[in-house]
Amino acid sequence: MAEVTPYLVYEDAAAAMDFLSKAFGFREVARSRAPEDGRVWHAEMELDGGRIFLGQPGADYRNPRHLGGVTVAVHVYVDDVDAHFARAKAAGAEITAELEDRDFGDRRYHASDPEGHRWMFATRVGEPAQSWLETLAT
């Protein structure tokens, strides 16, 4: 079994952890600080059994906001996307695509965190529409 864990780069990992907890419901699992300057160089957060890694690993790394675009999107299935959407919106998350039912069977919305990482949160609500399945065959 493979387990894929995204590692997200932040320029202020401590602030990112606060945001991810407040807006998206992640819980801190681990936090390690660099001995020379105290920055969070590695951390782990969990949401319903799924994990992300994050940190300020060093000068070679840049976040999406710094680079001026979206570099990756993290897709997360949650039990109740409507409640999750309300929480994220109330916490001030930048909603980049409103909550809607999609042809592929998900109810989903998109949000960006303060440093530009794109998040997609969804709940499976049905089966993919035939028209959507046909696009995969072409």
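Note that the structure is predicted; figures quoted are calculated from it, not measured.

1. A word on the nonpolar core
Counting residues in each nonpolar core, the largest one holds 30 residues, and the members touching the most others are Leu20, Phe24, Leu54, Tyr109, Trp119 and Phe121. Those elements that place two or more of their residues in this core are α1 (13-24), β3 (40-47), β4 (50-55), β5 (73-77), α3 (81-90), β6 (94-101), β7 (106-112) and β8 (118-124). Per element, the largest residue contribution to this core is seven residues, and it comes from α1. When neighbours within four sequence positions are excluded, leucine 20 is seen to be in contact with Tyr10, Gly25, Phe26, Met45, Ile52, Leu54, Asp113 and Trp119.

2. A short note on the packing of aromatic side chains
If you walk through the whole model with that rule in mind, you get eight aromatic pairs. Site record: aromatic cluster; members linked through ring pairs are Phe19, Phe24, Phe26, Phe85, Tyr109, Trp119 and Phe121.

3. Some details on the sheet that holds β8
To summarise the sheet geometry, strands pair through backbone hydrogen bonds and adopt either a parallel or an antiparallel arrangement. Read from one edge of the open sheet, four strands run β5-β8-β7-β6, paired in mixed fashion. The open sheet is flanked by β5 and β6, the only strands paired with a single partner. When strand polarity is set aside, the average angle formed by the axes of neighbouring strands in this sheet is 15°. For β6 and β7, the ladder comprises five bridges, and the chain directions are antiparallel. Residue pairing across strands places glutamate 100 opposite arginine 108, the latter belonging to β7. Strands in contact with α3 are β6, β7 and β8; relative to β6, the strand with the most contacts, it is inclined by about 160°.

4. Regarding the environment of isoleucine 52
Take isoleucine 52: it is sitting in strand β4. The buried category is assigned to isoleucine 52, whose relative accessible area is 3%. Between the alpha carbons of isoleucine 52 and phenylalanine 26 there is a distance of 9.1 Å; along the sequence they are 26 residues apart. Residues within four places of isoleucine 52 in sequence aside, it is in contact with Thr5, Pro6, Leu8, Leu20, Phe26, Ala43, Glu44, Met45 and Trp119.

5. A word on the pattern of salt bridges
The full count for this structure, using the stated rule, is 11 salt bridges. With its nearest N and O atoms 3.5 Å apart, the salt bridge here joins arginine 65 to glutamate 94. Within this pair, whereas arginine 65 is found in helix α2 (residues 64-67), its partner glutamate 94 is found in strand β6, the two being separated by 29 residues in sequence. You can call arginine 65 partly exposed: its relative accessible area is 45%.

Reading guide: rules and limits
- Residues numbered from 1 in each chain as written.
- Predicted model: local features only at pLDDT ≥ 70, side-chain atom pairs only at ≥ 80, totals over all residues.
- Heavy atoms only, no water.
- Core = buried A, V, L, I, M, F, W, Y, C linked by side-chain atoms within 4.5 Å.
- Buried < 20%, exposed > 50% of the residue type's maximum accessible area, 1.4 Å probe, protein only.
- Helix = DSSP H or I, 4+ residues; strand = E, 2+ residues; numbered from the N terminus.
- Contact = heavy atoms within 4.5 Å.
- Phe/Tyr/Trp six-rings, centres within 6.5 Å; stacked < 30°, edge-to-face > 60°.
- Pairing = 2+ DSSP bridges.
- Axes fitted to C-alpha atoms, helices over the stretch in contact; angles between N-to-C directions.
- Salt bridge = Lys/Arg side-chain N within 4 Å of Asp/Glu carboxyl O.

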